[in-house]
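Observations on the three-dimensional arrangement
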Amino acid sequence: MKTLDLDPIPSRNRSIQLDVVEAGSTLMADALAVPVLAGAPTPAILGGVDLAALARAGFTPDVGKAVPFPSVNQPVLVAVGVGETDELTVARVRDAAAAFARAVPQDAALAVRVPAVAGVPVAAAAAAIVEGVLLARYQFSFKSVAAGPVAVESLVLEAPEDAADEVRAGAARGLASARAGMLGRDFASCPAGLLTASRLAELAVQIGAEAGLKVEVFDRRALIELGCGGLLGVNKGSIEEPRMIVLRYTPSGESAGHLALVGKGIMYDSGGIALKPADLSHSQMKNDMTGAGDILAAMSALAELGCPNTVTGYLMCTDNMPSGSAMQLGDVLTIRGGKTVEVLNTDAEGRLVMADALVLAVEEGVDAIVDIATLTGACLRTFGEEVAGLMSNDDALAAQVSAAGDAVDEPVWRLPLIRSYRAELDSDIADLKNLGGPNAGSITAGLFLEEFVAGVPWAHIDIAGTAQSSKAYRWINRGPTAFGTRLLVELALRFTPPSA
């Protein structure tokens, strides 16, 4: 498997040995997951331990439950609950795999028996198992002495009888998806002092060369020539140059459609002159580039997965800092294409940097645009940490984004673009202002972005709540989640032009 030298990002998650074996094969592993269904006999490999005996040990066959059986001469056996047969879904398989991985945190070589049940294709189950195991055991640390769970080094899937080929295909897809998700977490976890806009551009060039992407990097001079006043305005207070990184994926055959992805890449958001409070949320602002990181990570997997669509990604990268040269409240910025924006809050900067890219995507003549950003605290307060906000001017595109989120268990919920709220963005001296009223902040932010898409089918994903998790649960770890990476992979693979 290819590995990436992403120094200084201290990730230990890219070198995974993945194998698939036939049913009944000898398994070389530290621990083996044994699926246990509710209301069914326990597998013989558990040595006659039935559900009643497992219950006495505190185990129930519900998804998320796992209990290990220590052993000297064979892999540790781990009874893993998968619930009722008729209620088993791909998402539940992923959750069960994560519970197994968390139950044996010091074991580096893992094995899983892929369940063969009606309603869950074995290929989909295999993909979900790989994702659940690897994402649950994701590691990122600058600690001088290793602590906590060890990274997974190898994973073996035991296929049901006569299903090895299907399991191999599903496992390969799951590995590509999981590696993209872990790469996205790497970006969002890395401190802003190490991962600057220019450094991310360098990494994009490196990743693009390995992933079959064409990469163009635009520095300050090039952005001035393009008239990208939003990105340049936000960058005014920083000693670090901005970067617009354009990624292009083209399929080997005839392209089915052309999708543009636009990502907010605020490498660190101090709030600018409108300085954020010195609390925990401020310390997390290294993840304000999650949208851009999601796109780079997602597009790194497209060639490997045979994406049939052309995809262009725009990563709008800078930090937002206070200084003597910083953007001021009351400034007027000219966005690419000529629209002017009065700045009423320098902490509403994400929409400014993305506006330039939305115009560029329209100029390219794409079939649809999807932007993704840690945009509004209002979205966090509305949906919490598990659901992202979705806004769109096109029902068919919104349905595709929602379906992609459901498929990978990164759910979105659509909010209305209430047209009467557009008046809250009216400015006395510019075409519009970058802040609405005190209410419906997520919706007015969406309405602002819509001003720059010229009627092209467009969807906006607000991941302000989902980009960071306050706890570890299922396959999600505490800290940056890279929510949206796997959703974008799925969307790109299944994208159909809304007008088709």
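Residues numbered from 1 in each chain as written. Predicted model: local features only at pLDDT ≥ 70, side-chain atom pairs only at ≥ 80, totals over all residues. Heavy atoms only, no water.

What follows covers the overall build of the protein. Counting its regular elements, the protein contains 14 helices and 19 strands. By the compact-globule yardstick of 23 Å for 500 residues, the protein fits well, its C-alpha radius of gyration being 23 Å. The C-alpha extent of the protein, read off along each of the three principal axes, is 80 × 50 × 40 Å. By residue count, 58% of the 500 residues in the protein fall in the buried class. Look at the contacts in the protein between residues 6 or more apart in sequence, and 76% of them connect residues 24 or more apart. Carbon and sulfur atoms make up 52% of the accessible area of the protein, which totals about 19,000 Å². Separation of charge centres in the protein, based on 38 positive and 58 negative side chains, amounts to 4 Å. (Helix = DSSP H or I, 4+ residues; strand = E, 2+ residues; numbered from the N terminus. Rg over C-alpha atoms; globule rule 2.2 N^0.38 Å. Buried < 20%, exposed > 50% of the residue type's maximum accessible area, 1.4 Å probe, protein only. Contact = heavy atoms within 4.5 Å. Areas by Shrake-Rupley, 256 points an atom, 1.4 Å probe, with all protein chains shown as cover. Lys, Arg positive; Asp, Glu negative; His and termini not counted. Charge placed at Lys NZ, Arg CZ, Asp CG, Glu CD.)

Considering all chains together, one arrives at 25 salt bridges under this definition. Close ionic contact of arginine 486 with glutamate 131 constitutes a salt bridge, the shortest N to O distance being 3.3 Å. Separated by 355 residues along the polypeptide, arginine 486 in helix 14 (residues 485-494) and glutamate 131 in helix 3 (residues 122-136) bring together distant segments of the chain. Across the pair, exposure class does not vary: arginine 486 and glutamate 131 are buried alike. For the salt bridge of arginine 168 with aspartate 165, the shortest nitrogen-to-oxygen distance reads 3.2 Å. One end of the pair, arginine 168, and the other, aspartate 165, are both in helix 4 (residues 164-189), three residues apart, so they sit about a helical turn from each other. The exposure class assigned to arginine 168 is partly exposed, which follows from its relative accessible area of 38%. Residue aspartate 165 is classed as exposed on the basis of its relative accessible area, which comes to 62%. Beyond isolated ion pairs, a larger network of salt bridges with shared partners links Arg94, Glu131, Glu410 and Arg486. (Salt bridge = Lys/Arg side-chain N within 4 Å of Asp/Glu carboxyl O.)

Moving on, we get to helix 9 (residues 290-299). For helix 9, the tally of buried residues reaches 10 of 10 residues, placing the bulk of the element in the interior. Those residues of helix 9 that sit buried are Thr290, Gly291, Ala292, Gly293, Asp294, Ile295, Leu296, Ala297, Ala298 and Met299.

Attention now moves to the nonpolar core. Core analysis: the biggest nonpolar cluster contains 52 residues, and Phe187, Leu200, Met299, Val370, Val401, Ile461 and Leu488 have the highest contact counts within it. The leading source of residues in this core is helix 5 (residues 197-211), at seven residues. What isoleucine 461 contacts, discounting residues up to four positions off in sequence, is Val370, Asp371, Ile372, Ala373, Ala388, Gly389, Leu390, Val401, Val412 and Leu487. With 48 residues, the next largest nonpolar core counts Val262, Ala355, Leu360 and Val366 among its residues. (Core = buried A, V, L, I, M, F, W, Y, C linked by side-chain atoms within 4.5 Å.)

Counting buried residues in strand 17 (residues 458-462) gives five out of five residues, a clear majority hidden from the surface. Of the two faces of strand 17, the one holding Trp458, His460 and Asp462 and the one holding Ala459 and Ile461 are both buried throughout. Here four bridges tie strand 14 (residues 388-392) to strand 17, and the two strands are oriented antiparallel to one another. Looking at strand 17, one finds that glycine 389 is bridged to aspartate 462. (Pairing = 2+ DSSP bridges.)

With that settled, the discussion passes to the sheet that holds strand 12 (residues 340-342). The strand order across the open sheet built from three strands is 11-12-16, with neighbouring strands paired in mixed fashion. With one partner strand each, in any of the chains shown, strand 11 (332-334) and strand 16 (432-433) form the two edges of the open sheet. With three bridges connecting them, strand 11 and strand 12 associate as antiparallel partners. The residue bridging threonine 334 from the neighbouring strand is threonine 340, located in strand 12.

Next up on the list: the packing of aromatic side chains. Counting across every chain of the model gives two aromatic pairs. For the ring pair phenylalanine 140 and phenylalanine 142, a centre distance of 5.7 Å and an interplane angle of 85° mean the geometry is edge-to-face. Pairing phenylalanine 448 with phenylalanine 452 gives two aromatic rings, centres 5.3 Å apart and planes at 50°, and the pair type is tilted. For the pair formed by phenylalanine 448 and phenylalanine 452, the shared burial category is buried. Here the basic side chain of arginine 185 rests over the ring of tyrosine 138, its NZ or CZ set 5.4 Å away from the ring centre. In this structure, arginine 486 packs its charged tip against the face of tryptophan 475, placed 4.8 Å from the ring centre. (Phe/Tyr/Trp six-rings, centres within 6.5 Å; stacked < 30°, edge-to-face > 60°. Lys NZ or Arg CZ within 6 Å of the ring centre and 35° of its normal.)

With that settled, the discussion passes to a negative patch on the surface. Where like charges cluster on the molecular surface, the negative patch consists of Asp62, Glu84, Asp86 and Glu87. Here glutamate 84 lies in the loop between strand 4 (76-81) and helix 2 (90-103). Since its relative accessible area comes to 38%, glutamate 84 is described here as partly exposed. (Patch = residues over 30% accessible without salt bridge, like charges linked within 9 Å, V, L, I, M, F, W, Y side chains within 5 Å.)

With that settled, the discussion passes to the packing of helix 3 against helix 4. The geometry of helix 3 relative to helix 4 is characterised by a closest axis approach of 7 Å and an angle of 30° between their N-to-C directions. In terms of orientation, helix 3 lies roughly parallel with respect to helix 4. The handedness of the crossing between helix 3 and helix 4 comes out as right-handed. Contacts between helix 3 and helix 4 pair Val122, Ala123, Ala126, Ala127, Val130, Glu131, Leu134 and Leu135 from the former with Glu166, Val167, Gly170, Ala171, Gly174, Leu175, Ser177, Ala178, Gly181, Met182 and Arg185 from the latter. (Axes fitted to C-alpha atoms, helices over the stretch in contact; angles between N-to-C directions. Parallel < 35°, antiparallel > 145°, perpendicular 65-115°, else oblique. Left-handed = near helix turned anticlockwise from the far one by under 90°.)

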